[in-house]
Structures are given as structure tokens and as C-alpha cells.
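Summary of the model geometry
Each chain, written out:
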Amino acid sequence: MTTAVTTTGTHPPTTAHAAAGAVVAFERVTKAYGAVRAVDDLSLVLHPGETVALLGPNGAGKSTTLDLLLGLKRPDSGTVTLFGTAPREAIVAGRVGAMLQSGGLMEGVTVAELVRLACDLHPRRYPVEEVLTRAGLTGIADRKVDKLSGGQAQRVRFALATAGDSDLIVLDEPTTGMDVTTRQAFWSTVREQAGQGRTVLFATHYLEEADAVADRVLVLHRGRLLADGTAAEIKAKAGARRIRFDLDGGIDEAALRGLPFLTALDISGRTVRIQSSDADATVYALYRLGVHPRNLEVAGLGLEQAFVAITEAEEARQP
């Protein structure tokens, strides 16, 4: 059984002591569908005021984890608590706002009518106009919900998730369908929410969003926690570095593939891109080949490359 890999300087495993005062606590949680373990012995703690990105390839268990957190599913074993209580109790008390991929929006009503309903139902409601403004919906408040574009519908879902003064906001792929400008405005609003002391947990396929927004990143794979730390720590955990250079004349691909510590090679025209687990040794060997690279650059992996490296390494370890 593979244990979770936790980066240095990150949060300890869940215990009764560690969970005291926690916003979210998973204690050895497992959820299976037949022979498939969507969540496998998962333990983690989220703390007040954190903005946390939940990453993982398709089938990693992200949606099931969020469903367990929100009480939409029950674990086969282990416990999930929000603010020290059962998820349902925290949600009924208005402490949680959620924006999920699943489920449609009510048809036949306007944006303002739907947002007003959400505000009226929230135990700690915000004024409707405030919610519409925050979500960028004032200009389409009178439009029917079933006449919205995909990005506009996402903004409505965000408005419903922030209709009241919740302490935890859960966002599942929140910017799907949004254009670049709308995405930037959306994340600016999320930062404001986090700046007011709320905990924000979001799952996303846009890794650049996690890199830019989250102060903590969780990487799930096959229902298990592979890495937990800041984006910088996750990048460092991957170990590899990027080497990029241009070559004049012919390129001996076989010789390049023989470089020590090489983990990936890409050749595009005269440009060579390498990933190496020891960049210094790889560059030294490159010069020993008699190769004279131009515009040589050596840099750490971006979050996307680190994510791929971590999950591919885990796949390689699986039987």
C-alpha cells in the first residue's frame, strides 16, 4: 500500500488534537464503488483562512471527496467533520457555501429571483444586490436563467454559493466555460472572500489557477493524497528541472536521450526541451558531447509539469 507523500513544512496527519479548531477534517476516510476505491484511507485537515486547491487526474477522487465533505455521500469507513460537527449540521447552520458541477439551475426564473431565493434561505443572508454585484451579475439580473451562457451560469452558481456569510466556500471546477477576463474577475472576488478570513477549497483542471491563487495544494491520485504543500513545495517535490536551448546544425536525438538524469525530452525544430532530475550533471554531459547550446535556460518545473511528474511517478510504482 502506497503512503501519502507530504512535502516539507506542511500540515500533519489528522488526529483528534490536530482537528481541534479545524474547518474540515478527514480521518482515514474510504469510499468504494464496487472494486474501485474512489477515496482510499484519506486523512487531511483544512484550517481557517486557507485557500486550498484540490488537484488530480480524472478518476483521482476529487468529486467524491467533495461529495463526502458536503454530506452528499457517506464514507464506507472513517469520519468527515466540518467545524467539529457532521457535514449536514454545518451546512444547515449556513457555515458552508458550495458551487458544484453536478445539478442544474432552476428554469423559468430570472437571475435576480434565483439569487433572492438563495439569500432568503441562508441563515446569515447577504443583501441580494450585494450578491449580484460580487458575482458580476447586475447587468443580467433580469435575464432568465435558462438563457444564460455557460460562463454566466457559472457566475450564478458562485452567487448561490456566496448568498450568505459562510465560513467555508467549496468550488468544483468553478471557471469552466468562463473567458479569460471573467476568470480573472472571478478569482479576484475569491481572493476577497479569502481575505475576509474564509476558508476556500476549490478543485480545478486549470493548474495555473492553483499556482496563482492557492496558498496550499493537495494532489490526489487514485483516492490517495500524494502531496500536500504550497505550490512551490509541490514543484520542489517533483525534483526535476527544465532545460531549454537551441541548436544549430544537426541534432543527434539518440545522443540527447543518452544524457544522464534525463526524465523527458522534446525537440521542436531547433529548440530542445529537457527535464532532468540533476540539471547540473545533465548540462555538464551536454557540453562533453561537444554540443554547443545557444540561449540555454535552466528553471524549476511549473506546477503543471510537477503535477504530471508526481502522478506519473506514482503510476510507475503501481503494480
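Residues numbered from 1 in each chain as written. Predicted model: local features only at pLDDT ≥ 70, side-chain atom pairs only at ≥ 80, totals over all residues. Heavy atoms only, no water.

**Quick word on the overall build of the chain**
Heads up, the rule is: In this description a helix means any DSSP run of H or I spanning at least four residues, a strand means any run of E spanning at least two, and both kinds are numbered starting from the N terminus. Burial classes: relative accessible area under 20% of the type maximum marks a residue as buried, over 50% as exposed, and values in between as partly exposed (1.4 Å probe, protein chains only). Should any heavy atoms of two residues lie within 4.5 Å, those residues are considered in contact. For the area figures, the Shrake-Rupley method with a 1.4 Å probe applies, and any residue is considered shielded solely by the protein chains shown. The charge count treats Lys and Arg as positive and Asp and Glu as negative. His and the chain ends do not count. Taken as the charge centre is NZ of Lys, CZ of Arg, CG of Asp or CD of Glu, depending on the residue.
A count of helices and strands for the chain gives 12 helices and 13 strands. Overall size of the chain, expressed as C-alpha extent along the three principal axes, is 75 × 45 × 35 Å. Going through the 319 residues of the chain one by one, you find that 48% of them count as buried. Taking contacts inside the chain between residues at least 6 apart in sequence as the whole, the part at least 24 apart equals 69%. Total accessible area computed for the chain in this model is approximately 15,200 Å², and 51% of it derives from carbon and sulfur atoms. Seen as two clouds, the 34 positive and the 38 negative side-chain charges of the chain have centres 2 Å apart.

**Description of the sheet that holds strand E8 (residues 216-221)**
Spelled out, the test is: Being paired, for any two strands, means DSSP has found at least two bridges between them. As a rule, the C-alpha atoms of each element are fitted with a line to give its axis, helices using only the stretch in contact, and angles between N-to-C directions run from 0 to 180 degrees.
With respect to topology, six strands assemble into an open sheet ordered E5-E6-E7-E3-E8-E9, the strand pairing being mixed. With one partner strand each, in any of the chains shown, strand E5 (96-99) and strand E9 (224-229) form the two edges of the open sheet. Neighbour-to-neighbour, the strand axes of the sheet open up by a mean angle of 15°, direction not taken into account. Pairing of strand E3 (residues 51-55) with E8, which is carried by four bridges, proceeds in the parallel orientation. Following the sheet pairing, Val52 is matched in E8 by Arg216.

**Notes on the sheet that holds strand E4 (residues 77-82)**
Read across the open sheet, the three strands follow the order E2-E1-E4; overall the sheet is antiparallel. Where the open sheet ends on each side, the last strands, each with one partner, are strand E2 (36-46) and E4. Taking the axes of each pair of neighbouring strands and ignoring which way they run, one obtains an average angle of 25° across the sheet. Of the strands in this sheet, strand E1 (24-33), E2 and E4 are in contact with helix H2 (residues 62-69), which crosses E1 at around 120°.

**Observations regarding the confidence of the model for the chain**
Detailed conclusions should not be drawn from predicted coordinates in areas where pLDDT is low. The line we're drawing: What pLDDT expresses is the predictor's confidence in each residue, scored from 0 to 100.
Averaged over all residues, the pLDDT of the chain is 88; the fraction at 70 or higher stands at 92%. For the chain, per-element mean pLDDT is lowest for helix H1 (residues 16-19), which scores 48, and highest for helix H4 (residues 111-121), which scores 97. Segment residues 1-18 is flagged for pLDDT under 50; beyond a separation of four residues in sequence, or across chains, it makes 40 contacts in the model.

**Looking at unusual backbone geometry**
Where the residue is not glycine, phi is negative for most of them; where a peptide bond is considered, it is trans in most cases. The backbone phi angle of Glu173 is positive, close to 50°, even though this residue is not glycine. Its location among the elements puts Glu173 in the loop between strand E6 (168-172) and helix H7 (180-195). A relative accessible area of 4% means that Glu173 is categorised as buried. Even without a glycine there, the phi angle at Asn295 is positive, about 55°. Within the secondary structure, Asn295 sits in strand E13 (residues 294-300). Asn295 gets classed as partly exposed once you look at its relative accessible area, which sits at 46%.

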